[in-house]
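Coordinate analysis (summary)
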Amino acid sequence: MAIQSVRGMPDILPEQAGAWRYLEQQAQQIFDAYGLTQIRTPMVEDTALFARSIGDVTDIVEKEMYTFEDRSGDSLTLRPELTAGVVRAAIENGLLHNQTQRLWYQGPAFRHERPQKGRYRQFHQIGVECFGIADARMDAELIEITDQLWKQLGIRHAVGLELNSIGSPEARAHYRAALVDFLSSRKDQLDEDSQSRLDRSPLRILDSKIDSTQALLVDAPSLMDSLTKEDREHFTALTSSLEEAGIEFKINPRLVRGLDYYGRTVFEWTTQKLGAQGTICGGGRYDGLVEHLGGRSTPGVGFALGMERVVLLMESLDVVPDMYQNQANIYLMPQQSECESVIRELARTLRTHFPKLRVLTHIGGGSLKSQLKKADKSGAAIGLIIGHTELESGHIVYKPLRGGEQEMLTEAALINRISELKDA
Ligand code: HAM
């Protein structure tokens, strides 16, 4: 039997790869415009890094990590997210000494979750991490970057922003006690999962998906009420910056996120169009993490988007431009073997003149009809044909493949005509 891919680790096939490239290119363009620089960190890290940063009693660390012993007996883990590795790298390489950093990254992450649409065991994130800036305007600028990206991709109308402040560690400790106090007397009314969270990570009960638990929480103390004055000021500065930038948001007091390193700002972009896995992007502030991982105290804030989910959304809204879905813009067809070298020389000329266009030459002969069929399948808008007649007269047949009149052109006229194409 043929060997199959690992469950939850799908291939990204040619027909989908265009959408991926489009997303990557748009993101990189925006990151450049905001002056970010790229960082690339390894896919495998010391297991302790994740336990210490994401938190021992989170779902990710308790149930979802791909952890193994290597041949030297070291415990290593396939990264379940990229923030921890970026923080480690920044500390290790002295990137945080008396300087700020605004970094972006992209790459696979691994979580042993139950696979379904929008949830995989190998998935891909694009993210940003900023170090050394405690000001809430940084949080707002990161959100603005994501907002710009959704606009650029044409999916902005299908997503919404949810925002919360989970306060400083002191505020959270205070709130945690109040929440546990409230829920302990109602423990028998909680769902099973939430009961087990009550002692270990009670704040996660807030984003339980179980209706009866949510009903119980209506009267629970509110996290907002536990925030310190500084926490509140930080949150107000964030919301005013977003208003200034014209970015709509909804404050969701139950938003806590599943990683332990956050403090103050947390946010998520969600959509209704993808069913249960509707969170396409999540992030927040983590001012204590650098110090917690052994660096000098440095504020940090960041986000990561799930590429699979963004691509699914782009596909469902049909926003991927044709040029990212097609193999070719121009398809060249030599009619006889004598025309082969001329047509390949013409292709080279066109590629030099129009580096953005995809120029495909037909190889393997066959009738004009069969060549035209292949040209059509390639997605090309233009077919160029050279046969005996053209070879003799020095012309090229210019054949619009999506409607329009066929013409005979000289090479100079052809180049003029192609420069009028919208993708050129
Ligand atoms: P996260 O919320 O765990 O945050 O993941 C970010 C995004 O990755 C999610 O919103 C989702 O779109 C995508 N994602 C997560 N798990 C899966 C999965 N199993 N399959 C497909 N997509 C998935 C983080 O990872 C933080 N490091 C984000 C961050 C950066 N916070 C600060 N800086």
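Here's a quick rundown of the structure. Everything numeric here is computed off the predicted structure, so don't read it as measured data. (Residues numbered from 1 in each chain as written. Predicted model: local features only at pLDDT ≥ 70, side-chain atom pairs only at ≥ 80, totals over all residues. Heavy atoms only, no water.)

**Quick look at the packing of aromatic side chains**
This structure, assessed with the given rule, holds 6 aromatic pairs. On the basis of an interplanar angle of 40° and a centroid distance of 5.3 Å, the ring pair of F31 and W104 is categorised as tilted. Residue F31 is located in helix α1 (residues 14-33), and its partner W104 is located in strand β5 (residues 101-110); the two are separated by 73 residues in the primary sequence. When the centroid spacing of 6.2 Å and the interplanar angle of 65° are considered together, the rings of F131 and Y286 count as edge-to-face. (Phe/Tyr/Trp six-rings, centres within 6.5 Å; stacked < 30°, edge-to-face > 60°. Helix = DSSP H or I, 4+ residues; strand = E, 2+ residues; numbered from the N terminus.)

**Notes on the pairing of strand β6 (residues 122-131)**
In terms of residue burial, β6 counts as a mostly covered element, since 9 of its 10 residues are buried. Pairing of β6 with strand β11 (residues 300-306), which is carried by 7 bridges, proceeds in the antiparallel orientation. Bridge assignment links G127 to a residue of β11, and that residue is A304. (Buried < 20%, exposed > 50% of the residue type's maximum accessible area, 1.4 Å probe, protein only. Pairing = 2+ DSSP bridges.)

**As for the packing of helix α14 (residues 340-353) against helix α17 (residues 411-419)**
Put simply, α14 and α17 touch, their axes get as near as 11 Å, and they point 40° apart. Judged by the angle between their axes, α14 and α17 are oblique. For α14 against α17, the interelement crossing comes out right-handed. The residues of α17 that touch α14, namely those facing L346, T349, L350 and H353, are E411, L414, I415 and I418. A per-class count over the contact of α14 with α17 returns 5 nonpolar, 2 polar and 1 charged. (Axes fitted to C-alpha atoms, helices over the stretch in contact; angles between N-to-C directions. Parallel < 35°, antiparallel > 145°, perpendicular 65-115°, else oblique. Left-handed = near helix turned anticlockwise from the far one by under 90°. Contact = heavy atoms within 4.5 Å. Nonpolar A, V, L, I, M, F, W, Y, C, P; charged D, E, K, R; others polar.)

**Focus: the environment of H292**
With respect to the helices, strands and loops of the structure, H292 is situated in helix α11 (residues 289-292). Separated by 239 residues in the primary sequence, H292 and S53 place their C-alpha atoms 7.6 Å from one another. Here R52 takes part through its backbone oxygen, which lies 3.1 Å from a polar atom of the side chain of H292. (Polar contact = N/O pair within 3.5 Å; in protein donor to acceptor, adjacent residues only side chain to side chain.)

**Looking at the sheet that holds strand β13 (residues 359-361)**
Pairing between the strands of a sheet comes from backbone hydrogen bonds, and it takes one of two forms, parallel or antiparallel. Taken in spatial order, the 5 strands line up as β13-β12-β14-β15-β16 in an open sheet, and their pairing is mixed. Each edge of the open sheet carries a strand with a single partner, namely β13 and β16 (407-409). Put simply, the sheet's adjacent strands are angled 25° from each other on average, direction ignored. Note: strand β15 (residues 396-400) against β16, 3 bridges, orientation antiparallel. Paired with V397 across the strands is M408, a residue of β16. Of the strands in this sheet, β12 (330-334), β14 (382-386) and β15 touch helix α15 (residues 368-377), which is tilted by about 165° from β12.

**As for the sheet that holds strand β2 (residues 44-46)**
Strand order in the open sheet formed by 3 strands is β2-β4-β3, and the pairing between neighbours is antiparallel. Taken across any chain shown, the strands that pair with only one partner, and hence form the sheet edges, are β2 and β3 (66-69). Taken over all neighbouring pairs, the strand axes of this sheet differ in orientation by 35° on average, direction set aside. Of the pairings in the sheet, the one linking β2 to strand β4 (residues 75-78) comprises 3 bridges and is antiparallel in character. Residue pairing in the sheet places V44 in a bridge with L78 of β4. Contacts between helix α2 (residues 47-54) and the sheet are confined to β2, β3 and β4, with β2 contributing the most and set at about 75° to the helix.

**Re α1**
The end-to-end C-alpha distance of α1, which contains 20 residues, comes to 29 Å, matching closely the 28 Å that a straight helix rising 1.5 Å per residue would cover. Of all the residues in α1, the buried ones are G18, A19, W20, Y22, L23, Q26, A27, I30 and F31. In this structure, the buried residues of α1 make contact with β5, β6, α5 (136-153), β11, α12 (307-316) and α13 (322-325). Following α1 by one or two positions, G35 has its phi on the positive side, about 70°. (Expected span 1.5 Å × (residues − 1).)

**Thoughts on the environment of Y105**
With respect to the secondary-structure elements, Y105 resides in strand β5. Among the residues examined, Y105 registers a relative accessible area of 1% and is labelled buried. Excluding anything up to four places from it in sequence, Y105 contacts I39, L82, T83, V86, Q125, I126, G127, V128, E129, F303 and A304. Within polar-contact distance, the side chain of Y105 engages the side chain of E129 at 2.7 Å.

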